[in-house]
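Below, each chain spelled out in residue letters.
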Amino acid sequence: MKTVFKKKKITGILGVLPATEVSFEDEVSNYNFPEKQTMRLKKIMGFEKHRVVKDTTASSDLCVAGLNHLLEKKLIDKGEIGAIVVVTTTPDHFIPHVSNIIHGNCDLSNDVICMDLNQGCAGFLQGLMQSFMLLEHLGNKKVVLFNVDTLSKKVSKQDRNSYPLIGDAAGITVVENDPNARDIHFNMYNDGGRREALIIPAGGSRLPSSAETAVMRDLDQDGNLRSLDNLKMDGSEVFTFVQTEVPPLIEETLKLADQDKEHIDWFLFHQPNKFMLKKLAEKLEVPYEKVPMNVVENFGNPSGSSIPIDIVHNLGSLVMDNQYNCCLAAFGSGLAWGAMTIELGRMDFCEMLISDY
Amino acid sequence: MDKILGILTELRPEFDYTQSNDFIADGLLDSFDMISLVSELEEKFNVTIDALDIVPENFGGVEAIVNMIRKNGAEV
């Protein structure tokens, strides 16, 4: 799908992190691989430390903590909110929906629209797409987009392919109508034929969780122990997917926007790992400095909230006073991949909250 | 060739790479080893390896690795 969103603007981003920070070195002994071999990945992949929630924390907790922070600091008023959109692969429950849990816990008005989208690493762009469409019907009200995942609960701690890079976090993005906003060019693709490259086999209606699905096994005989309740990622397939699909996606999106790479100030991409982002920058022939790639080493890969966390961590103070020409790209489970050009700046807030969770 | 064998042995000292005809099928290299190896090769041969060349077919043996390096413009 290719489209242009007109007169829409991101006016604030809050990153919400769990309190607990775990270092990669402290987890090396969990993996069934030689320590030296695993440690070699530290520098290459950016495995340094990551944030994980407590056992008692659910995804909505990060969202509610973040929205309450915004309300208390008067960065948003309840009366301004027309809709809340939650994008997550790790809801608190199948029913009720995370958006309704936030709605209830923050005591929002009954005419606020609540909507959950079950999407993963491409979820920031999918959430923005939904939010921009809702704004067409909300007048001067705002949409609050929550991207949240607590994937540490769904990834095996003995899976060296996935556990070192995951990070729990929420990104809360406020979008609103603005007659002076520049056009946002948007471009999104999906390929359900490759859906099993990222899969949690059990826990849904296809294969409900049971004692059998919880058994830890080395199913792929690659040294990684995981159960059918855990996330399984085909790393090679995902790598090839990203390097094959994303560079032409970026080129195509820039062409749609009638912009060239030299005039983009920041390429703000989903943050899978440092190696993949370096290779993307090389393929696109853009300088590494224009492609922030330090989210995994500081927080882990926070799935759908990776771009909001990237913006807050790397551009937090800059986007308060300046305006930047940005190209965003997100890609992951589905498989889904999308990009957009958007002007970011003069925000009301762009900051990080370390929660008690 | 010896330089590449040296890098491989440094990477996974528990294996004898001279005894395998297919490093991937024989389990001598996994996907993360491929990434580690690319990083080492780029440093040692002063080359940037195209992302689309990082596929198992290019890591099956020393000759395949040499061809990949040469394809990306470095002397081996």
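What you are looking at is a predicted structure, and each value in this text was computed from that prediction instead of being measured.

## Thoughts on the sheet that holds strand E8 (residues 169–177) of chain A
Residue and element names in this part refer to chain A.
At step 1: Reading across from one edge, E6-E5-E7-E8-E2-E15 is the order of the six strands in this open sheet, with mixed pairing throughout. Of all the strands in the sheet, the pair left with one neighbour each is strand E6 (113–117) and strand E15 (349–354). Adjacent strand axes in the sheet meet at a mean angle of 15° when their direction is disregarded.
At step 2: Taken together, the seven bridges between strand E7 (residues 142–149) and E8 define a ladder with antiparallel strand orientation. Following the sheet pairing, Asn147 is matched in E8 by Gly171.
At step 3: Running at roughly 160° to E7, helix H5 (residues 123–135) makes contact with strand E2 (8–17), strand E5 (81–87), E6, E7 and E8 of the sheet.

## Comments concerning the domain arrangement of chain A
All names here are of chain A.
At step 1: Taken domain by domain, chain A consists of domain 1 (2–177) and domain 2 (184–202 + 230–347).
At step 2: Inter-centroid distance (C-alpha atoms) of domain 1 to domain 2 is 16 Å.
At step 3: In this complex, domain 1 contributes 48 residues to the contact, which on the side of domain 2 involves 47 residues.
At step 4: Across the domain 1 to domain 2 interface the summed buried area is about 4,000 Å²; carbon plus sulfur atoms make up 65%.
At step 5: Joining domain 1 to domain 2, the criterion identifies one salt bridge.
At step 6: One salt bridge connects Glu252 with Lys2, and the closest N-O pair in it is separated by 3.7 Å.
At step 7: Along the contact surface separating domain 1 from domain 2 lie 14 residue pairs in polar contact (both at pLDDT 80 or more).

## Thoughts on unusual backbone geometry
Keep in mind that most residues, glycine aside, have a negative phi and that most peptide bonds are trans.
Residues and elements named next belong to chain A.
At step 1: Following Ile95, the chain continues to Pro96 via a peptide bond in cis, the omega torsion being 0°.
At step 2: Of the consecutive residues Gly334 and Leu335, the connecting peptide bond is found in the cis state with omega at -5°.
At step 3: Along the polypeptide, Leu335 turns up in the loop between strand E13 (323–332) and strand E14 (336–345).
At step 4: Phi at Asp107 takes a positive value of approximately 55°, unusual for a residue other than glycine.
At step 5: Residue position: Asp107 is located in the loop between helix H4 (98–105) and E6.
At step 6: Even without glycine at this site, Arg346 takes up a positive phi of about 45°.
At step 7: With respect to the helices, strands and loops of the structure, Arg346 is situated in the loop between E14 and E15.

## Here we look at the layout of surface pockets
At step 1: Here the second largest pocket is characterised by a volume of approximately 610 Å³.
At step 2: Sort the elements by how many residues they give to the lining of the second largest pocket and helix H2 (residues 31–44) of chain B lands first, with four residues.
At step 3: Here the residues of the lining of the second largest pocket sort into nine nonpolar, nine polar and ten charged.
At step 4: Counting contributing residues per domain, the lining of the second largest pocket is built from domain 1 (2–177) and domain 2 (184–202 + 230–347) of chain A, each supplying no fewer than three.

## Focus on the pattern of salt bridges
At step 1: In the structure shown here, the tally under the stated rule is 25 salt bridges over all chains.
At step 2: The salt bridge involving Asp50 of chain B is made with Lys283 of chain A; its shortest N-O contact spans 2.9 Å. On the criterion of chain membership, the pair formed by Asp50 of chain B in the loop between H2 and helix H3 (62–71) and Lys283 of chain A in helix H7 (residues 274–284) is interchain, its members lying in two chains.
At step 3: Taking relative accessible area as the criterion, Lys283 of chain A reaches 30% and is therefore assigned partly exposed.
At step 4: When salt bridges that share partners are traced, they join Glu21, Lys49 and Arg51 of chain A into one network.

## So, the UniProt feature "domain: Carrier" (unreviewed entry) in chain B
At step 1: Under the UniProt annotation, the feature "domain: Carrier" (unreviewed entry) is placed at residues 1–73 of chain B.
At step 2: Annotated as 47% helix and 0% strand, the span residues 1–73 of chain B places its first and last C-alpha atoms 17 Å apart.

## Digging into the UniProt feature "domain: Beta-ketoacyl-[acyl-carrier-protein] synthase III N-terminal" (unreviewed entry) in chain A
At step 1: Under the UniProt annotation, "domain: Beta-ketoacyl-[acyl-carrier-protein] synthase III N-terminal" (unreviewed entry) lies at residues 115–192 of chain A.
At step 2: End C-alpha atoms of residues 115–192 of chain A are separated by 23 Å, and the span's content is 17% helix alongside 35% strand.

## Side note on the interface of chain A and chain B
At step 1: On the chain B side, the residues contacting the 20 residues of chain A number 20 residues.
At step 2: In total, about 1,700 Å² of surface goes out of reach between chain A and chain B, with carbon and sulfur atoms giving 61% of it.
At step 3: The three residues of chain A that bury the most area against chain B are Gln37, Arg40 and Lys279 of chain A, which together make up 28% of that side's buried surface.
At step 4: Between Lys279 of chain A and Glu42 of chain B there is a salt bridge, with the nearest N and O atoms lying 2.4 Å from each other.
At step 5: Where chain A packs against chain B, one counts three residue pairs in polar contact (both at pLDDT 80 or more).
At step 6: Of all the elements, helix H2 (residues 35–46) of chain A adds the most residues to the side of chain A that touches chain B, at six residues.
At step 7: For the side of chain A that touches chain B, the per-class residue count stands at eight nonpolar, six polar and six charged.

## Quick notes on empty space enclosed by the protein
At step 1: Overall, the coordinates contain one cavity of 30 Å³ or more when judged by the stated rule.
At step 2: Quantified by volume, the largest cavity comes out at close to 30 Å³.
At step 3: Residue lining of the largest cavity: Gln37, Arg40, Leu41 and Arg160 of chain A together with Leu11, Phe32, Asp33 and Ser36 of chain B, and that is the complete set.
At step 4: Sorting the residues of the lining of the largest cavity by element identifies H2 of chain A together with H2 of chain B as the ones contributing at least two each.
At step 5: Residue composition of the lining of the largest cavity, by class: three nonpolar, two polar and three charged.

## Quick word on the UniProt feature "domain: Beta-ketoacyl-[acyl-carrier-protein] synthase III C-terminal" (unreviewed entry) in chain A
At step 1: In this structure's numbering, the residues bearing the UniProt feature "domain: Beta-ketoacyl-[acyl-carrier-protein] synthase III C-terminal" (unreviewed entry) are residues 257–343 of chain A.
At step 2: In residues 257–343 of chain A, the share of helix is 34% and the share of strand is 25%. The end C-alpha atoms are 12 Å apart.

## Focus: the packing of helix H6 (residues 235–256) of chain A against H7 of chain A
All names here are of chain A.
At step 1: Taken N-terminus to C-terminus, the directions of H6 and H7 make an angle of 40°; their axes are 10 Å apart at the nearest point. Classified by chirality, the crossing of H7 by H6 is right-handed. Residues Val238, Phe239, Val242, Gln243, Val246, Pro247, Ile250 and Glu251 of H6 touch H7, and the partners they reach there are Phe275, Met276, Lys279, Leu280, Lys283 and Leu284.
At step 2: Here the contact of H6 with H7 is built from residues that sort into ten nonpolar, one polar and three charged.

What counts, and at which threshold
Residues numbered from 1 in each chain as written. Chains lettered and ligands numbered in written order. Predicted model: local features only at pLDDT ≥ 70, side-chain atom pairs only at ≥ 80, totals over all residues. Heavy atoms only, no water. Pairing = 2+ DSSP bridges. Helix = DSSP H or I, 4+ residues; strand = E, 2+ residues; numbered from the N terminus. Axes fitted to C-alpha atoms, helices over the stretch in contact; angles between N-to-C directions. Contact = heavy atoms within 4.5 Å. Domains from an automatic or database assignment. Buried area = accessible area lost by both parts, 1.4 Å probe. Salt bridge = Lys/Arg side-chain N within 4 Å of Asp/Glu carboxyl O. Polar contact = N/O pair within 3.5 Å; in protein donor to acceptor, adjacent residues only side chain to side chain. 1 Å grid on protein atoms, 1.4 Å probe; cavity = no way out; pocket = protein on both sides within 12 Å on 5 of 7 lines; lining within 4 Å. Points joined across faces, edges and corners; volume = space filled by probe spheres on them. Nonpolar A, V, L, I, M, F, W, Y, C, P; charged D, E, K, R; others polar. Buried < 20%, exposed > 50% of the residue type's maximum accessible area, 1.4 Å probe, protein only. UniProt positions renumbered as here; feature names shortened; annotations may be inferred. Left-handed = near helix turned anticlockwise from the far one by under 90°.

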